[in-house]
Amino acid sequence: MTDRASQGYEASQALPYSIGARRTEWVSHPAAVPVGFWRSVGASINTFAVECAINELAALAGQDALQFRKARITDPPSGWGGPLPTGTARGVAIGPAFNPIVAMVVEASGSTLANFKVTRVWLAVDCYLTVNPLNVEAQLIGGVVHAIIATLYGQQTFVNGAAQRKNFNANPMIRLQQMPTVSVTLMPRPTSSDRTVAIGGVGELGVPTFAPALAGALLKLTGQKVRSLPLFPTATMGG
(Lines give C-alpha, C1' and ligand atoms only; values in the text may rest on other atoms or scores of the structure.)
Protein backbone atom coordinates (compact mmCIF):
# COMPACT_ATOMS: atom_id res chain seq x y z
CA MET A 1 0.00 0.00 0.00
CA THR A 2 1.37 3.41 -0.97
CA ASP A 3 0.62 6.70 0.74
CA ARG A 4 -1.25 7.83 -2.39
CA ALA A 5 -3.40 4.70 -2.36
CA SER A 6 -4.26 4.99 1.33
CA GLN A 7 -5.17 8.65 0.86
CA GLY A 8 -7.56 7.60 -1.91
CA TYR A 9 -9.87 5.68 0.45
CA GLU A 10 -8.76 6.60 3.98
CA ALA A 11 -11.79 7.15 6.28
CA SER A 12 -14.20 5.84 3.64
CA GLN A 13 -14.05 2.13 4.45
CA ALA A 14 -14.05 1.39 8.19
CA LEU A 15 -17.14 3.48 8.85
CA PRO A 16 -19.05 3.52 12.17
CA TYR A 17 -22.30 2.71 10.34
CA SER A 18 -24.07 -0.56 9.68
CA ILE A 19 -25.05 0.03 6.07
CA GLY A 20 -25.09 -3.46 4.56
CA ALA A 21 -23.67 -4.12 1.12
CA ARG A 22 -21.24 -1.38 0.18
CA ARG A 23 -18.39 -1.02 -2.28
CA THR A 24 -15.60 1.55 -2.07
CA GLU A 25 -13.41 2.31 -5.06
CA TRP A 26 -10.87 4.97 -5.93
CA VAL A 27 -9.24 6.03 -9.17
CA SER A 28 -5.85 7.70 -9.42
CA HIS A 29 -6.06 11.08 -11.16
CA PRO A 30 -2.56 12.21 -12.15
CA ALA A 31 -2.10 15.96 -11.83
CA ALA A 32 0.27 18.10 -13.83
CA VAL A 33 1.02 20.03 -10.64
CA PRO A 34 2.65 18.00 -7.84
CA VAL A 35 0.44 17.77 -4.76
CA GLY A 36 1.17 16.74 -1.21
CA PHE A 37 -0.56 16.00 2.05
CA TRP A 38 -2.28 18.53 4.25
CA ARG A 39 -3.57 18.30 7.79
CA SER A 40 -5.69 15.13 8.20
CA VAL A 41 -4.51 13.67 4.86
CA GLY A 42 -7.11 11.46 3.11
CA ALA A 43 -9.58 11.72 5.99
CA SER A 44 -10.26 15.37 5.16
CA ILE A 45 -11.31 14.54 1.61
CA ASN A 46 -13.22 11.33 2.16
CA THR A 47 -15.02 12.21 5.41
CA PHE A 48 -16.49 15.21 3.59
CA ALA A 49 -17.82 12.97 0.81
CA VAL A 50 -19.12 10.24 3.13
CA GLU A 51 -20.77 12.46 5.72
CA CYS A 52 -22.32 14.84 3.17
CA ALA A 53 -23.84 11.77 1.52
CA ILE A 54 -25.20 10.62 4.90
CA ASN A 55 -26.74 14.07 5.46
CA GLU A 56 -28.38 13.98 2.04
CA LEU A 57 -29.70 10.46 2.64
CA ALA A 58 -31.22 11.60 5.93
CA ALA A 59 -32.87 14.54 4.16
CA LEU A 60 -34.24 12.26 1.42
CA ALA A 61 -35.61 9.92 4.09
CA GLY A 62 -37.22 12.86 5.88
CA GLN A 63 -35.33 12.03 9.07
CA ASP A 64 -33.32 14.06 11.55
CA ALA A 65 -29.62 13.82 10.71
CA LEU A 66 -28.60 12.46 14.11
CA GLN A 67 -31.51 10.05 14.42
CA PHE A 68 -30.67 8.71 10.97
CA ARG A 69 -27.12 8.06 12.16
CA LYS A 70 -28.15 6.62 15.54
CA ALA A 71 -30.25 4.00 13.77
CA ARG A 72 -27.15 2.85 11.91
CA ILE A 73 -24.34 3.23 14.43
CA THR A 74 -23.17 0.73 17.01
CA ASP A 75 -22.43 3.29 19.75
CA PRO A 76 -24.99 6.10 19.38
CA PRO A 77 -24.19 9.60 20.71
CA SER A 78 -26.59 11.65 22.76
CA GLY A 79 -27.31 15.24 23.75
CA TRP A 80 -28.88 16.33 20.46
CA GLY A 81 -32.15 18.17 20.20
CA GLY A 82 -34.00 21.10 21.62
CA PRO A 83 -35.44 24.14 19.89
CA LEU A 84 -33.16 26.55 18.02
CA PRO A 85 -33.68 30.22 17.17
CA THR A 86 -35.14 30.96 13.74
CA GLY A 87 -32.38 31.06 11.13
CA THR A 88 -30.12 28.71 13.09
CA ALA A 89 -29.38 25.07 12.34
CA ARG A 90 -26.98 22.34 13.41
CA GLY A 91 -25.22 19.72 11.34
CA VAL A 92 -23.48 16.59 12.53
CA ALA A 93 -20.69 14.43 11.15
CA ILE A 94 -18.90 11.34 12.46
CA GLY A 95 -15.56 10.17 11.20
CA PRO A 96 -13.00 7.51 12.11
CA ALA A 97 -9.40 8.55 11.47
CA PHE A 98 -5.99 7.53 12.79
CA ASN A 99 -7.59 4.98 15.20
CA PRO A 100 -9.91 7.34 17.15
CA ILE A 101 -13.47 8.20 16.23
CA VAL A 102 -14.68 11.80 16.18
CA ALA A 103 -18.17 13.29 16.32
CA MET A 104 -18.73 16.95 15.58
CA VAL A 105 -21.75 19.24 15.66
CA VAL A 106 -21.55 22.61 13.90
CA GLU A 107 -24.11 25.34 14.52
CA ALA A 108 -24.59 28.04 11.90
CA SER A 109 -26.95 30.96 11.45
CA GLY A 110 -27.96 32.75 8.27
CA SER A 111 -30.21 32.44 5.26
CA THR A 112 -28.06 31.70 2.19
CA LEU A 113 -24.80 30.00 1.26
CA ALA A 114 -23.35 33.46 0.77
CA ASN A 115 -24.54 34.83 4.10
CA PHE A 116 -24.03 32.70 7.18
CA LYS A 117 -21.93 32.54 10.34
CA VAL A 118 -20.54 29.56 12.21
CA THR A 119 -21.55 30.20 15.81
CA ARG A 120 -20.67 27.07 17.80
CA VAL A 121 -18.80 23.80 17.41
CA TRP A 122 -19.04 20.75 19.66
CA LEU A 123 -16.39 18.09 19.27
CA ALA A 124 -16.15 14.69 20.98
CA VAL A 125 -13.30 12.25 20.48
CA ASP A 126 -12.53 8.77 21.71
CA CYS A 127 -8.80 8.19 21.36
CA TYR A 128 -8.71 5.39 23.97
CA LEU A 129 -5.89 6.80 26.12
CA THR A 130 -5.54 10.54 26.73
CA VAL A 131 -2.07 11.32 28.01
CA ASN A 132 -2.28 15.12 28.15
CA PRO A 133 -5.91 16.34 28.00
CA LEU A 134 -5.11 20.05 27.66
CA ASN A 135 -2.73 19.38 24.77
CA VAL A 136 -5.34 17.20 23.08
CA GLU A 137 -7.95 19.95 23.46
CA ALA A 138 -5.56 22.52 22.00
CA GLN A 139 -4.82 20.28 19.03
CA LEU A 140 -8.52 19.76 18.34
CA ILE A 141 -9.39 23.45 18.54
CA GLY A 142 -6.44 24.27 16.29
CA GLY A 143 -7.75 21.70 13.83
CA VAL A 144 -11.15 23.39 13.84
CA VAL A 145 -9.50 26.72 12.98
CA HIS A 146 -7.64 25.07 10.11
CA ALA A 147 -10.86 23.41 8.95
CA ILE A 148 -12.85 26.64 8.97
CA ILE A 149 -10.26 28.42 6.82
CA ALA A 150 -9.96 25.46 4.43
CA THR A 151 -13.73 25.03 4.14
CA LEU A 152 -14.45 28.69 3.50
CA TYR A 153 -11.42 29.92 1.58
CA GLY A 154 -8.72 27.33 0.99
CA GLN A 155 -7.98 27.25 -2.72
CA GLN A 156 -4.96 27.47 -4.97
CA THR A 157 -5.28 27.95 -8.72
CA PHE A 158 -2.71 27.45 -11.47
CA VAL A 159 -2.22 29.02 -14.90
CA ASN A 160 0.29 27.28 -17.15
CA GLY A 161 1.62 25.49 -14.09
CA ALA A 162 2.20 28.68 -12.09
CA ALA A 163 0.50 29.18 -8.73
CA GLN A 164 -1.67 32.29 -8.74
CA ARG A 165 -1.60 32.91 -5.00
CA LYS A 166 2.06 33.31 -4.30
CA ASN A 167 2.05 34.66 -0.77
CA PHE A 168 0.01 34.55 2.41
CA ASN A 169 -1.29 38.08 1.90
CA ALA A 170 -3.65 36.69 -0.77
CA ASN A 171 -4.97 33.84 1.37
CA PRO A 172 -7.91 34.76 3.63
CA MET A 173 -7.77 33.88 7.30
CA ILE A 174 -10.68 34.06 9.72
CA ARG A 175 -10.80 37.06 12.03
CA LEU A 176 -11.22 36.79 15.79
CA GLN A 177 -14.89 37.75 15.51
CA GLN A 178 -15.45 34.87 13.08
CA MET A 179 -14.17 32.24 15.49
CA PRO A 180 -16.99 30.15 16.95
CA THR A 181 -17.15 28.87 20.50
CA VAL A 182 -15.62 25.38 20.49
CA SER A 183 -16.47 22.81 23.16
CA VAL A 184 -14.32 19.67 23.37
CA THR A 185 -15.31 16.44 25.09
CA LEU A 186 -12.75 13.67 25.59
CA MET A 187 -14.11 10.24 26.29
CA PRO A 188 -12.79 8.90 29.61
CA ARG A 189 -9.79 6.62 29.42
CA PRO A 190 -10.38 3.03 30.56
CA THR A 191 -9.62 2.14 34.16
CA SER A 192 -7.18 -0.49 32.92
CA SER A 193 -5.56 -0.25 29.52
CA ASP A 194 -5.14 -3.05 27.01
CA ARG A 195 -1.80 -2.86 25.23
CA THR A 196 -3.29 -4.63 22.20
CA VAL A 197 -5.61 -1.67 21.55
CA ALA A 198 -4.08 1.02 19.38
CA ILE A 199 -3.81 4.51 20.90
CA GLY A 200 -5.30 7.17 18.67
CA GLY A 201 -3.44 10.14 17.27
CA VAL A 202 -5.06 13.54 17.83
CA GLY A 203 -3.00 16.01 15.82
CA GLU A 204 -5.36 16.05 12.84
CA LEU A 205 -8.77 15.07 14.24
CA GLY A 206 -10.29 18.55 14.36
CA VAL A 207 -10.31 18.82 10.56
CA PRO A 208 -12.21 16.03 8.72
CA THR A 209 -15.69 16.29 10.25
CA PHE A 210 -16.04 20.09 10.21
CA ALA A 211 -16.86 20.64 6.54
CA PRO A 212 -19.54 17.91 6.30
CA ALA A 213 -21.10 19.00 9.62
CA LEU A 214 -21.27 22.58 8.36
CA ALA A 215 -22.70 21.32 5.06
CA GLY A 216 -25.41 19.53 7.05
CA ALA A 217 -26.30 22.73 8.89
CA LEU A 218 -26.40 24.69 5.64
CA LEU A 219 -28.60 22.04 4.04
CA LYS A 220 -31.13 22.62 6.82
CA LEU A 221 -30.84 26.42 6.61
CA THR A 222 -30.96 26.85 2.85
CA GLY A 223 -32.10 23.54 1.35
CA GLN A 224 -28.99 23.59 -0.84
CA LYS A 225 -26.48 20.76 -1.03
CA VAL A 226 -22.80 21.54 -0.56
CA ARG A 227 -20.72 19.15 -2.63
CA SER A 228 -17.59 21.14 -3.43
CA LEU A 229 -15.17 23.28 -1.46
CA PRO A 230 -14.19 25.96 -0.66
CA LEU A 231 -17.44 27.85 -0.23
CA PHE A 232 -15.83 31.22 -1.11
CA PRO A 233 -13.13 30.39 -3.67
CA THR A 234 -12.59 33.96 -4.90
CA ALA A 235 -12.19 35.53 -1.47
CA THR A 236 -8.99 37.41 -0.67
CA MET A 237 -7.63 39.03 2.46
CA GLY A 238 -9.70 42.11 3.13
CA GLY A 239 -12.23 41.08 0.47
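For the structure, see preceding data.
Residues numbered from 1 in each chain as written. Predicted model: local features only at pLDDT ≥ 70, side-chain atom pairs only at ≥ 80, totals over all residues. Heavy atoms only, no water.

(A) Fine view of the overall build of the chain. In terms of regular secondary structure, the chain is built from 5 helices and 6 strands. Reading the chain from its N end, one meets helices and strands in the order α-α-α-β-β-β-α-β-β-β-α. Across the 239 residues that make up the chain, the buried fraction comes to 38%. Put simply, of all contacts in the chain between residues at least 6 apart along the chain, 70% involve residues at least 24 apart. If you sum the accessible surface of the chain, you get close to 13400 Å²; carbon and sulfur atoms cover 55% of it. (Helix = DSSP H or I, 4+ residues; strand = E, 2+ residues; numbered from the N terminus. Buried < 20%, exposed > 50% of the residue type's maximum accessible area, 1.4 Å probe, protein only. Contact = heavy atoms within 4.5 Å. Areas by Shrake-Rupley, 256 points an atom, 1.4 Å probe, with all protein chains shown as cover.)

(B) Region of interest: the nonpolar core. Ranked by internal contacts, the top residues of the largest apolar core, which has 41 residues, are Val-106, Val-121, Phe-210 and Leu-214. Broken down by secondary-structure element, the contributors of at least two residues to this core are α2 (41-61), β1 (88-96), β2 (101-112), β3 (115-126), α4 (133-152), β6 (181-186) and α5 (210-222). The element that contributes the greatest number of residues to this core is α5, accounting for 8 residues. When sequence neighbours within four positions are dropped, the list of residues in contact with Val-106 reads Ala-89, Arg-90, Gly-91, Val-118, Arg-120, Val-121, Phe-210, Ala-213, Leu-214 and Ala-217. (Core = buried A, V, L, I, M, F, W, Y, C linked by side-chain atoms within 4.5 Å.)

(C) Representation of the sheet that holds β2. Sheet architecture is open: 4 strands sit in the order β1-β2-β3-β6, paired in mixed fashion. Of all the strands in the sheet, just β1 and β6 have a single pairing partner and so form its edges. Direction aside, the axes of adjacent strands within the sheet are offset by 15° on average. Two strands pair when backbone bridges link them, and β1 and β2 are joined in this way by 9 bridges, in the antiparallel orientation. Within the sheet, the bridge partner assigned to Thr-88 lies in β2 and is Ser-109. Seen against the sheet, α4 touches β2, β3 and β6 and runs at an angle of roughly 135° to β6. (Pairing = 2+ DSSP bridges. Axes fitted to C-alpha atoms, helices over the stretch in contact; angles between N-to-C directions.)

(D) Representation of the packing of aromatic side chains in the model. In total, this model carries 2 aromatic pairs according to the counting rule given. Considering the side-chain rings of Phe-116 and Phe-232, the 5.9 Å spacing of their centres and the 25° angle between planes classify their relative orientation as stacked. Residue Phe-116 is located in strand β3, and its partner Phe-232 is located in the segment after α5; the two are separated by 116 residues in the primary sequence. On the accessibility criterion, Phe-116 (16% relative accessible area) is buried. Assessed through its relative accessible area of 24%, Phe-232 is described here as partly exposed. (Phe/Tyr/Trp six-rings, centres within 6.5 Å; stacked < 30°, edge-to-face > 60°.)

(E) Local environment of unusual backbone geometry. Residue Pro-230 is reached from Leu-229 by a cis peptide bond, and omega for that bond is 0°. Within the element layout of this structure, Pro-230 appears in the segment after α5. Of note in this structure, Asn-99 is not a glycine but carries a positive phi near 85°. Position of Asn-99 relative to the elements: it lies in the loop between β1 and β2.

(F) The arrangement of the side chain of Arg-69 in detail. With respect to the secondary-structure elements, Arg-69 resides in helix α3 (residues 65-70). Polar side-chain contacts of Arg-69 include one of 2.9 Å to the side chain of Glu-51. (Polar contact = N/O pair within 3.5 Å; in protein donor to acceptor, adjacent residues only side chain to side chain.)

(G) Structural context of the environment of Leu-66. Inspection of the secondary structure assignment puts Leu-66 in helix α3. On the accessibility criterion, Leu-66 (4% relative accessible area) is buried. Residues Leu-66 and Ala-93, 27 residues apart in the sequence, show an inter-C-alpha distance of 8.7 Å.

(H) Inspection of α2 at higher detail. Its 21 residues place the ends of α2 31 Å apart at the C-alpha level, agreeing with the 30 Å of an ideal helix rising 1.5 Å per residue. A bend of about 25° at Thr-47 is the largest found in α2. One or two residues past the end of α2 sits Gly-62, with phi positive at roughly 70°. (Expected span 1.5 Å × (residues − 1). Bend = angle between axes of the 7 residues up to and from the residue.)

Functional significance is not addressed by these values, which are geometric in nature.
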